[in-house]
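Breakdown of the fold
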Amino acid sequence: MSNTTLFLIAIVVIMLAAVPVAMMLKDFLPNILEKSSGLEQIENRIYVLHAEAQDLQNRVNQLVQRRNSQSSDRHRLETDIRKAEKLIKDLAEQPPLFVHEVGDPQAGLMKFAATVTQEKASSASGAGGERAAVNPIWRCANVAEVWASSFDEARQMVEVAFPFKMGFQKSFMRGDARKGGVPSGPATARTKAGAQT
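Calculation notes
- Residues numbered from 1 in each chain as written.
- Predicted model: local features only at pLDDT ≥ 70, side-chain atom pairs only at ≥ 80, totals over all residues.
- Heavy atoms only, no water.
- Core = buried A, V, L, I, M, F, W, Y, C linked by side-chain atoms within 4.5 Å.
- Buried < 20%, exposed > 50% of the residue type's maximum accessible area, 1.4 Å probe, protein only.
- Helix = DSSP H or I, 4+ residues; strand = E, 2+ residues; numbered from the N terminus.
- Pairing = 2+ DSSP bridges.
- Axes fitted to C-alpha atoms, helices over the stretch in contact; angles between N-to-C directions.
- Contact = heavy atoms within 4.5 Å.
- Patch = residues over 30% accessible without salt bridge, like charges linked within 9 Å, V, L, I, M, F, W, Y side chains within 5 Å.
- Areas by Shrake-Rupley, 256 points an atom, 1.4 Å probe, with all protein chains shown as cover.
- Salt bridge = Lys/Arg side-chain N within 4 Å of Asp/Glu carboxyl O.

Looking now at the nonpolar core. The biggest cluster of nonpolar side chains holds 13 residues, and the ones touching the most others in it are Val116, Trp138, Val146 and Phe162. For this core, the secondary-structure elements that each account for two or more residues are β2 (110-118), β3 (141-148) and α2 (151-161).

Attention shifts here to the sheet that holds strand β4 (residues 168-173). Spatially, the 4 strands line up as an open sheet ordered β1-β3-β2-β4, and their pairing is mixed. The open sheet has two edge strands with one neighbour each: β1 (97-102) and β4. Direction aside, the axes of adjacent strands within the sheet are offset by 30° on average. Bridge count between β2 and β4: 6 bridges; the pairing is antiparallel. In the sheet register, Ala114 faces β4, and the bridge partner there is Phe172. The strands that α2 touches are β1, β2, β3 and β4; relative to β3, the one it contacts most, it runs at about 130°.

Side chains of Phe7, Leu8, Ile11 and Met15 sit close together on the surface and give an oily, nonpolar patch of about 420 Å² of accessible area. Inspection of the secondary structure assignment puts Phe7 in helix α1 (residues 3-93).

Below, the structure is given as structure tokens:
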């Protein structure tokens, strides 16, 4: 046998073997294609689930950031509350300061400050030898804020509001008693408390 004959016999055998393989593939190929399309659907579903997982992770991160921000705000508020409580406690422990406003705050006027005290009830006596009652506010610090155009006018207004014969002692300070500065201009939104004696 020659090589050509052997070659032809090999081709015939291959063709005879290929026919049943082709028949089997014809039966199995649609199933394989259906399975591969199912794989595509699964892959698509995996992509969708992955995108949803990313979205959920982003939402979780935003919620964590908001929680951390709220926690920080809460901590800051608690700190501010503690500071305010301490200030309230410190203010409550300080003796009161009574401020008497003399004159009307107007444009062009300056504010002068004077400390005002009144004699003790034990030394103040009224007509007929009786002791005069002293208002309890005079046991605390008292300041007169005087609105006037000059220092002399302010001194005169204080003398009228707090007369010496009623036991008042006055001494002017340099500027505002609470700020320690020079006489200042009028406050625009203050109401006149008046000189309470």
